[in-house]
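Read off the chains here:
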Amino acid sequence: MGDLPHSMGKTATRELQRAGIDSLQKASAYTEGELLAIHGVGPKAIRIMKETMEEKGLTFRDG
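Every value quoted in this text rests on a predicted model; they were computed, and no experiment measured them. (Residues numbered from 1 in each chain as written. Predicted model: local features only at pLDDT ≥ 70, side-chain atom pairs only at ≥ 80, totals over all residues. Heavy atoms only, no water.)

J.: Can you walk me through the overall build of the protein chain in this structure?
T.: The secondary structure content of the protein chain amounts to four helices and zero strands. Ordering the α and β elements of the protein chain from the N terminus gives α-α-α-α. A compact globule built from 63 residues would reach a C-alpha radius of gyration of about 11 Å, and the protein chain, at 10 Å, matches this within 12%. Counting only C-alpha atoms and orienting by the principal axes, one finds that the protein chain spans roughly 25 × 25 × 20 Å. (Helix = DSSP H or I, 4+ residues; strand = E, 2+ residues; numbered from the N terminus. Rg over C-alpha atoms; globule rule 2.2 N^0.38 Å.)

J.: Would you take a moment to explain the environment of R18 for this structure?
T.: You can see R18 is positioned in helix α1 (residues 10-18). Using a relative accessible area of 63% as the deciding quantity, one classes R18 as exposed. Counting along the chain gives 20 residues from R18 to I38, while the straight-line C-alpha distance between them is 9.7 Å. A distance of 3.3 Å separates polar atoms of two side chains, one belonging to R18 and the other to E15. (Buried < 20%, exposed > 50% of the residue type's maximum accessible area, 1.4 Å probe, protein only. Polar contact = N/O pair within 3.5 Å; in protein donor to acceptor, adjacent residues only side chain to side chain.)

J.: Looking at this model, I keep getting lost on the pattern of salt bridges. Mind explaining?
T.: Side chains that differ in charge, positive against negative, can pair when their charged atoms come close. Counted according to the given criterion, the structure contains seven salt bridges. The salt bridge involving R18 is made with E15; its shortest N-O contact spans 3.3 Å. In this pair, R18 and E15 both sit in helix α1, three residues apart, roughly one turn of the helix. Among the salt bridges present, the one from R47 reaches E51, with a minimum N-O distance of 3.7 Å. Residue R47 and its partner E51 are both found in helix α4 (residues 43-55); the two are separated by four residues, about one turn of the helix. Connected through salt bridges with shared partners, the residues R14, E15 and R18 form a single ionic network. (Salt bridge = Lys/Arg side-chain N within 4 Å of Asp/Glu carboxyl O.)

Next up, the structure:
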């Protein structure tokens with residue numbers, strides 16, 4: 001398993017993994033809008049990922 005935050009919720013985590021995104025590093029290759037387009041990934045999940053990514057020096061791709 002990757003380092004996706006558990007606080008995002010099971011649905012968001014599962015759907016990101018189904019899309020091949022199992023780590024924050026992989027999530028950083030996408031824009032927030034692209035991730036929001038994935039069923040089950042909402043603003044709360046994006047906020048939590050963004051906060052955790054900032055702690056690790058990562059950001060979402062600009063778009």
